[in-house]
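Residues per chain are reported as follows:
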Amino acid sequence: MDELLKILEANALEKREDIARMLGTSVADVNKRIAEYEQSGVIRGYQALLNEDKLALDKVTAVIEVKVTPQREGGFDTIANRISRFPEVRSAYLMSGTYDLLLFVEGRTLREVAAFVSERLSPLEGVLSTSTHFMLKTYKRLGVLMQQENTDERLSITP
């Protein structure tokens, strides 16, 4: 992968001047390359990585394994694209192994996610089975540890 993309993936807020210095090029070149990546669809967006456990969110995240029948025209893409359009689906991946699609789904409650699975996802033509797992706590996300490490390395003193 291009070094510019590695830098942006690690910290999209890195100053363009600093990126240019790291790459040994000009700020104009960095701006041009980023614009090209955005226009070609390589860079799809920018997001802040949040520690949701520290926020009082009314949100439940579930990981759903989905077994599907590939469509005659379009294979897995047709059903995967259809499922991906549901607003509850935050991410969707084609997988190898015992199931075909891996979905990350969000809702306000367990009941809301369960209703999505039973009323909207499972009845879709081509969906053979689902297995839903609810996320309870996040330890690491996208390479970033969510828990702050204790940097106090002093030994504790006990009487």
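Residues numbered from 1 in each chain as written. Predicted model: local features only at pLDDT ≥ 70, side-chain atom pairs only at ≥ 80, totals over all residues. Heavy atoms only, no water.

1. Regarding the pairing of strand β2 (residues 89-94)
As judged from the 5 bridges shared by β2 and strand β3 (residues 101-107), these two strands associate in the antiparallel manner. Counted as the bridge partner of Val 89 is Val 105 from β3. In sequence, β2 turns back onto β3 through a hairpin of 6 residues, with Gly 97 there showing a positive phi of about 115°. (Pairing = 2+ DSSP bridges. Helix = DSSP H or I, 4+ residues; strand = E, 2+ residues; numbered from the N terminus.)

2. Describing the environment of Asp 77
Position of Asp 77 relative to the elements: it lies in helix α4 (residues 75-84). Placed 17 residues apart in sequence, Asp 77 and Leu 94 show a C-alpha to C-alpha distance of 8.7 Å.

3. A look at unusual backbone geometry
Not every positive phi belongs to a glycine, and Leu 142 is a case in point at roughly 50°. Checked against the element boundaries, Leu 142 lands in the loop between β5 (140-141) and β6 (144-145).

4. Comments concerning the nonpolar core
Counting residues in hydrophobic clusters, the biggest one holds 19 residues, and the most contacted among them are Ile 64, Val 66, Ile 83, Leu 103 and Leu 121. Those elements that provide at least two residues to this core are β1 (60-68), α4, β3 and α5 (110-121). Take this core: its biggest share by element is 5 residues, from β1. Dropping the residues within four chain positions of it, Leu 103 is found in contact with Ala 62, Val 63, Ile 64, Val 66, Ile 83, Val 89, Ser 91, Ala 92 and Leu 121. Leu 5, Ala 20, Ile 34 and Tyr 37 belong to the second largest nonpolar core, which has 10 residues in total. (Core = buried A, V, L, I, M, F, W, Y, C linked by side-chain atoms within 4.5 Å. Buried < 20%, exposed > 50% of the residue type's maximum accessible area, 1.4 Å probe, protein only. Contact = heavy atoms within 4.5 Å.)

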